[in-house]
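The primary structure of each chain is shown beneath.
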Number of protein chains: 2
Amino acid sequence: MRIIRPYTLKFIKGFVSFPKIERNMIAYYSINGKITPAGQAALRLNDLSILRGYGIFDYFLVKAGKPVFIEDYLERFTRSAALLFLDIPQLTGSLEEAVEELIQVNGLHEASIRLVLTGGYADDGYTPLHPNLLIMAHPYPDINPLYYTDGIALMSYDYQREIPEVKSINYLTGIRLLGEMRRQAQGLLYHDRGLLRESARSNVFILTADGGVGHPCR
Amino acid sequence: MRIIRPYTLKFIKGFVSFPKIERNMIAYYSINGKITPAGQAALRLNDLSILRGYGIFDYFLVKAGKPVFIEDYLERFTRSAALLFLDIPQLTGSLEEAVEELIQVNGLHEASIRLVLTGGYADDGYTPLHPNLLIMAHPYPDINPLYYTDGIALMSYDYQREIPEVKSINYLTGIRLLGEMRRQAQGLLYHDRGLLRESARSNVFILTADGGVGHPCR
């Protein structure tokens with residue numbers, strides 16, 4: 001495994017946390033299990049993500065070179081795929097092995113991984129036949145430490161995601177509201193018919209005065 | 001203008017309608033105003049259509065080498081773009097000229113054109129900065145003539161599109177229901193809280209017994 005630390009350490013003096021992996025240091029993505037130089041990784045225009053926003057994804061962290069809670073994420077990813085009738089392409093090994101291979105060829109220590117399964121190329125522009133599986137590596141998320149100590153403001157919005165049991169790629173509402181949200185808050189909180197649902201990009205947990213923990217459910 | 005008729009006429013004996021343009025005869029697409037060989041036309045994986053289903057589109061016919069009702073379609077396309085805060089990339093000429101250029105280089109007579117405007121490449125995987133404009137040519141739609149004489153069956157479904165005033169690329173629900181729909185019907189009819197909305201891929205008009213024409217509106 002290639003560890004790519006020296007580059008960032010040179011520039012971040014006195015920074016004692018893990019060196020940040022810069023986006024331009026991620027050299028490879030995986031498309032349908034094939035390791036592909038990131039600069040050449042692309043989808044043809046008739047992919048159903050581009051034409052119809054049809055796809056699912058998942059996202060998880062890599063710590064000390066290992067994907068965290070990967071079984072749970074792959075279970076959710078597989079469930080989302082099944083609910084949209086998308087077959088995950090046959091790989092030479094397992095999906096988990098494909099993720100680990102990408103971590104290794106990129107020499108990642110602290111990073112994040114995004115899995116995307118699109119409707120695939122469609123000559124008729126509508127019918128999913130052979131989904132495309134993308135595995136992308138990203139830097140470890142760079143979250144403002146003040147968010148943890150001071151908290152964040154949430155802008156509330158009346159909305160429920162379409163087919164909420166599927167982690168689809170559909171972020172029309174969240175991205176459309178970005179400008180308005182960023183003028184007044186750091187996140188978006190969805191509620192629907194009086195019920196709390198989720199944040200645009202994360203779960204929501206509620207701590208009660210008596211020490212309980214709750215979260216929105218069906 | 002190159003007229004590409006002989007190829008199909010050879011194979012469709014006795015067929016007296018316009019020769020069908022085969023998909024593999026469409027040689028070029030346009031990406032941000034640049035004519036690109038269709039086989040090389042692609043988007044990098046960090047486009048927000050692929051990562052977040054964020055984009056709009058429009059679709060119209062070409063008859064006798066000319067786009068039909070193009071002003072109306074471009075007006076709707078421009079309105080959809082504005083509602084999602086997407087800037088249409090600056091072209092050397094107008095958008096209409098870019099469409100006409102693509103019709104010309106492909107030598108199209110009867111065809112269809114799809115415009116797509118995606119959220120563009122996003123290093124943070126979320127924030128639209130520089131949208132990607134795609135212009136694609138497709139064959140003229142091949143609709144079963146029996147649909148016009150015998151009608152079609154519609155499967156009704158309780159649904160309204162997210163941000164319905166925007167012609168977004170989001171077809172999660174329509175495509176997810178394709179299998180179920182095709183077992184019993186030829187199209188999907190959306191209604192929402194007792195009101196007729198639209199079909200999954202077309203408008204709906206209602207003819208009344210006294211000769212009136214109506215359609216769903218706000």
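Worth saying up front: this structure is predicted, and the values here are computed from it rather than measured. (Residues numbered from 1 in each chain as written. Chains lettered and ligands numbered in written order. Predicted model: local features only at pLDDT ≥ 70, side-chain atom pairs only at ≥ 80, totals over all residues. Heavy atoms only, no water.)

Overview of the overall build of chain A
Argument step 1. Helix and strand content of chain A: 7 helices and 12 strands.
Argument step 2. Burial analysis of chain A (218 residues in total) assigns 46% to the buried set.
Argument step 3. With the model as given, the accessible surface of chain A reaches about 11,600 Å², and the carbon-plus-sulfur share is 54%. (Helix = DSSP H or I, 4+ residues; strand = E, 2+ residues; numbered from the N terminus. Buried < 20%, exposed > 50% of the residue type's maximum accessible area, 1.4 Å probe, protein only. Areas by Shrake-Rupley, 256 points an atom, 1.4 Å probe, with all protein chains shown as cover.)

Structural notes on the domain arrangement of chain A
Size of an interface, as often reported, equals the accessible area lost when the parts are brought together.
Residue and element names in this part refer to chain A.
Argument step 1. Assigned domains of chain A: these are domain 1 (6-139) and domain 2 (146-214).
Argument step 2. Computed from C-alpha coordinates alone, the two centres of domain 1 and domain 2 are separated by 24 Å.
Argument step 3. Listed by partner, the interface residues are 12 residues for domain 1 and 7 residues for domain 2.
Argument step 4. Run the count over domain 1 and domain 2 and you get 3 residue pairs in polar contact (both at pLDDT 80 or more).
Argument step 5. Every element with two or more residues in the side of domain 1 that touches domain 2 is listed here: strand 4 (55-63) and helix 3 (70-83).
Argument step 6. With 4 residues, strand 4 is the largest single contributor of residues to the side of domain 1 that touches domain 2.
Argument step 7. For the side of domain 1 that touches domain 2, the residue count by class is 6 nonpolar, 4 polar and 2 charged. (Domains from an automatic or database assignment. Contact = heavy atoms within 4.5 Å. Polar contact = N/O pair within 3.5 Å; in protein donor to acceptor, adjacent residues only side chain to side chain. Nonpolar A, V, L, I, M, F, W, Y, C, P; charged D, E, K, R; others polar.)

Points about the confidence of the model for chain A
Residue and element names in this part refer to chain A.
Argument step 1. For chain A, mean pLDDT is 89; residues scoring 70 or higher make up 89% of the total.
Argument step 2. In the model, residues 1-21 has pLDDT below 50 throughout and makes 31 contacts with residues more than four positions away in sequence or in other chains.
Argument step 3. Here the predicted complex scores 0.88 on pTM and 0.89 on ipTM. (pLDDT = per-residue confidence, 0-100.)

Examining the sheet that holds strand 9 (residues 187-192) of chain B
All names here are of chain B.
Argument step 1. What the 3 strands build is an open sheet, ordered 8-9-10; its pairing is mixed. The open sheet is flanked by strand 8 (154-158) and strand 10 (195-199), the only strands paired with a single partner. Shown here is a sheet whose adjacent strand axes are inclined to one another by a mean of 30°, direction ignored.
Argument step 2. Note that strand 8 and strand 9 share 5 bridges and pair parallel. Bridging across to strand 9, Asp158 finds its partner in His191. (Pairing = 2+ DSSP bridges. Axes fitted to C-alpha atoms, helices over the stretch in contact; angles between N-to-C directions.)

Concerning the interface of chain B and chain A
Argument step 1. Taken together, the 47 residues of chain B in the interface contact 47 residues of chain A.
Argument step 2. The three residues of chain B that bury the most area against chain A are Leu45(B), Tyr126(B) and Leu172(B), which together make up 19% of that side's buried surface.
Argument step 3. At the boundary of chain B with chain A, the tally comes to 0 salt bridges.
Argument step 4. Remark: the boundary between chain B and chain A carries 15 residue pairs in polar contact (both at pLDDT 80 or more).
Argument step 5. Breaking the side of chain B that touches chain A down by element, the ones donating at least two residues are strand 1 (28-31), strand 3 (42-44), helix 2 (48-52), strand 4 (55-63), strand 6 (111-118), strand 7 (133-139), helix 6 (172-176) and helix 7 (178-184) of chain B.
Argument step 6. Looking at the side of chain B that touches chain A, the element that brings in the most residues is helix 6 of chain B, giving 5 residues.
Argument step 7. Residues of the side of chain B that touches chain A, tallied by class, amount to 26 nonpolar, 11 polar and 10 charged.
Argument step 8. Pairing geometry for strand 3 (residues 42-44) of chain A and strand 3 of chain B, over 3 bridges, is antiparallel. Within the sheet, the bridge partner assigned to Leu43(A) lies in strand 3 of chain B and is Leu43(B). (Buried area = accessible area lost by both parts, 1.4 Å probe. Salt bridge = Lys/Arg side-chain N within 4 Å of Asp/Glu carboxyl O.)

Examining the pairing of strand 9 (residues 187-192) of chain A
Remember that side chains alternate between the two faces of the sheet whenever the strand is regular.
Residues and elements named next belong to chain A.
Argument step 1. Here strand 9 lies mainly inside the structure; 5 of its 6 residues are buried.
Argument step 2. The sheet contact formed by strand 9 and strand 10 (residues 195-199) spans 4 bridges and is antiparallel. From the neighbouring strand, Leu189 faces strand 10, where its bridge partner is Ser199.
Argument step 3. A loop of 2 residues connects strand 9 with strand 10, the two strands running antiparallel in sequence, and Arg193 in this loop sits at a positive phi of about 45°.

Looking at the environment of Ala42(A)
Argument step 1. Looking at where Ala42(A) falls in the secondary structure, it is placed in strand 3.
Argument step 2. Along the primary structure Ala42(A) and Ile31(A) are separated by 11 residues, whereas in three dimensions their C-alpha atoms are 8.7 Å apart.
Argument step 3. Not counting residues up to four positions away in its chain, the partners in contact with Ala42(A) are Ile31(A), Tyr121(A), Ala42(B), Leu43(B), Arg44(B) and Leu45(B).

Let's talk about the nonpolar core
For soluble globular proteins, the rule of thumb is that nonpolar side chains tend to be buried together.
Argument step 1. Counting 110 residues, the largest nonpolar core has Ile113(A) and Ile113(B) as its most contacted members.
Argument step 2. Once you skip the residues sitting within four places of it in the chain, Ile113(A) turns out to touch Asp58(A), Tyr59(A), Phe60(A), Val62(A), Val99(A), Leu102(A), Ile103(A), Ile135(A), Met136(A) and Ala137(A). (Core = buried A, V, L, I, M, F, W, Y, C linked by side-chain atoms within 4.5 Å.)

Topic: the packing of helix 3 of chain A against helix 4 (residues 95-105) of chain A
Residues and elements named next belong to chain A.
Argument step 1. Orientation of helix 3 relative to helix 4, taken along the N-to-C sense of each, is 120°, at an axis distance of 11 Å. Between helix 3 and helix 4, the angle falls in the class oblique. Judged by the sense of rotation from one axis to the other, the crossing of helix 3 with helix 4 is right-handed. Contacts between helix 3 and helix 4 involve Ile70, Glu71, Leu74 and Phe77 from the first element and Leu95, Glu96 and Val99 from the second.
Argument step 2. Partitioning the contact of helix 3 with helix 4 into residue classes produces 5 nonpolar, no polar and 2 charged. (Parallel < 35°, antiparallel > 145°, perpendicular 65-115°, else oblique. Left-handed = near helix turned anticlockwise from the far one by under 90°.)

Some words on the relation of the copies chain B and chain A
Argument step 1. Placing chain B over chain A gives an RMSD of 0.0 Å and needs a rotation angle of 180°, together with 0.0 Å of translation along the axis. Such values leave the two copies arranged in the relation of a two-fold axis. Proximity to the rotation axis, assessed at the C-alpha, singles out Gly53(B) in chain B; its C-alpha lies 2.0 Å from the axis.
Argument step 2. Take the interface residues of chain B: 100% of them recur as interface residues in chain A, which is what a same-surface contact looks like. (Least-squares fit on C-alpha atoms with pLDDT ≥ 70 in both.)

A word on the packing of aromatic side chains
Argument step 1. Throughout the structure, instances matching the rule amount to 8 aromatic pairs over all chains.
Argument step 2. One aromatic cluster is present, built from ring pairs that chain together Phe57(A), Tyr171(A) and Tyr126(B).
Argument step 3. Stacked on the ring of Tyr121(B), the Lys or Arg Arg44(B) has its end atom at 4.1 Å from the ring centre.
Argument step 4. Over the ring of Tyr171(A) we find Arg52(B); its NZ or CZ atom is 4.5 Å from the centre of that ring. (Phe/Tyr/Trp six-rings, centres within 6.5 Å; stacked < 30°, edge-to-face > 60°. Lys NZ or Arg CZ within 6 Å of the ring centre and 35° of its normal.)

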